[in-house]
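# Structure assessment
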Amino acid sequence: MIDHAQAIQDCARGERAGLKALFDAEAPQMIGVAMRILRRRDLAEEAVQEAFLQVWTKASQFDPDHGSGRGWLYTIVRHRALNMLRDHSREILSEPADLDAHAERTKLLDQSYNRLEETSALRTCLGQLNAVTRNCILMAYIFGYTHGEIAGKIDAPLGTTKSWITRGLRKLRECLS
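The notes below deal with the structure included here. Please read all numbers here as calculations on a predicted model, not as lab measurements.

The rules behind the values
- Residues numbered from 1 in each chain as written.
- Predicted model: local features only at pLDDT ≥ 70, side-chain atom pairs only at ≥ 80, totals over all residues.
- Heavy atoms only, no water.
- Helix = DSSP H or I, 4+ residues; strand = E, 2+ residues; numbered from the N terminus.
- Rg over C-alpha atoms; globule rule 2.2 N^0.38 Å.
- Buried < 20%, exposed > 50% of the residue type's maximum accessible area, 1.4 Å probe, protein only.
- Areas by Shrake-Rupley, 256 points an atom, 1.4 Å probe, with all protein chains shown as cover.
- Salt bridge = Lys/Arg side-chain N within 4 Å of Asp/Glu carboxyl O.
- Contact = heavy atoms within 4.5 Å.
- Expected span 1.5 Å × (residues − 1).
- Phe/Tyr/Trp six-rings, centres within 6.5 Å; stacked < 30°, edge-to-face > 60°.
- Lys NZ or Arg CZ within 6 Å of the ring centre and 35° of its normal.

### Looking at the overall build of the chain
- From N to C terminus, the chain includes nine helices and zero strands.
- Over its C-alpha trace the chain gives a radius of gyration of 20 Å, far above what one expects of a compact globule, namely 16 Å for 177 residues.
- The C-alpha extent of the chain, read off along each of the three principal axes, is 65 × 40 × 30 Å.
- Residues classed as buried in the chain amount to 36% of the 177 residues present.
- Only carbon and sulfur atoms are counted for the fraction: they give 51% of the accessible area of the chain, which is about 10,600 Å².

As structure tokens, this is what we get:
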């Protein structure tokens, strides 16, 4: 078992063994976290690499009184991945299989919406939302996607996606009350 806080303090002193210990212990799981956000292994690996570079250069800023070393590592990789997702200068290309999956998801969302009874209050209220907002809300509820995953799937900034969902849910509450 690795002492994360000690390994980070080793990094702060410039000891490469600390970085190696952290990398060996956490890199595979950190790639998993980044993959869930970015949906592409190559980008997830890049996010983890950048996270470890940041750990090496900013290890002296870690304060064990404010949280665990492991938590600090995962916070860094999560923020790196979300920044990559938000970065408009980076084009995240889709694989052909991703395009097929997107078409299938869109079809399932439309089918789910159309299955609601024409006279149901939920269908009426969902119908008052614009299509993008409606689909964001349906992706969250039908597929269980997080805001970050939805933002990645519709290629929109995370903050914008969160705003659409928040405003859409507010409109739905008002309409259904």
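### Structural notes on the pattern of salt bridges
- A full pass over the atoms with the stated rule returns seven salt bridges.
- Across the pair Glu15 and Arg13 runs a salt bridge whose closest N-O atoms are separated by 3.2 Å.
- Taking the relative accessible area as the measure of exposure, Glu15 reaches 36% and is therefore partly exposed.
- Here Glu26 makes a salt bridge to Arg70, at a shortest N to O gap of 3.0 Å.

### Here's the deal with the side chain of Thr161
- Turning to its location among the elements, Thr161 is positioned in helix 9 (residues 158–176).
- Those residues in contact with Thr161 that lie beyond four places of it in its chain are Cys136, His147, Ile150, Ala151, Ile154 and Ala156.

### Concerning helix 3 (residues 41–58)
- Between the first and last C-alpha of helix 3 there are 25 Å, a value that for 18 residues agrees with the 26 Å anticipated at 1.5 Å per step.
- Buried within helix 3 are the following residues: Leu43, Ala44, Ala47, Val48, Ala51, Phe52 and Val55.
- For helix 3, the elements touching its buried residues are helix 2 (16–38) and helix 4 (69–86).

### As for the packing of aromatic side chains
- Scanning the model with the defined rule gives two aromatic pairs in all.
- Note on Phe62 and Trp72: the rings are 5.4 Å apart at their centroids and 50° apart in plane angle, and the pair reads as tilted. With Phe62 in the loop between helix 3 and helix 4 and Trp72 in helix 4, this residue pair connects regions lying ten residues apart in the sequence. By the burial criterion, Phe62 is buried, and Trp72 matches it.
- Sitting above the plane of the Tyr145 ring, Lys153 keeps its charged end 4.8 Å from the centroid.

Purely geometric numbers; function is a separate question.
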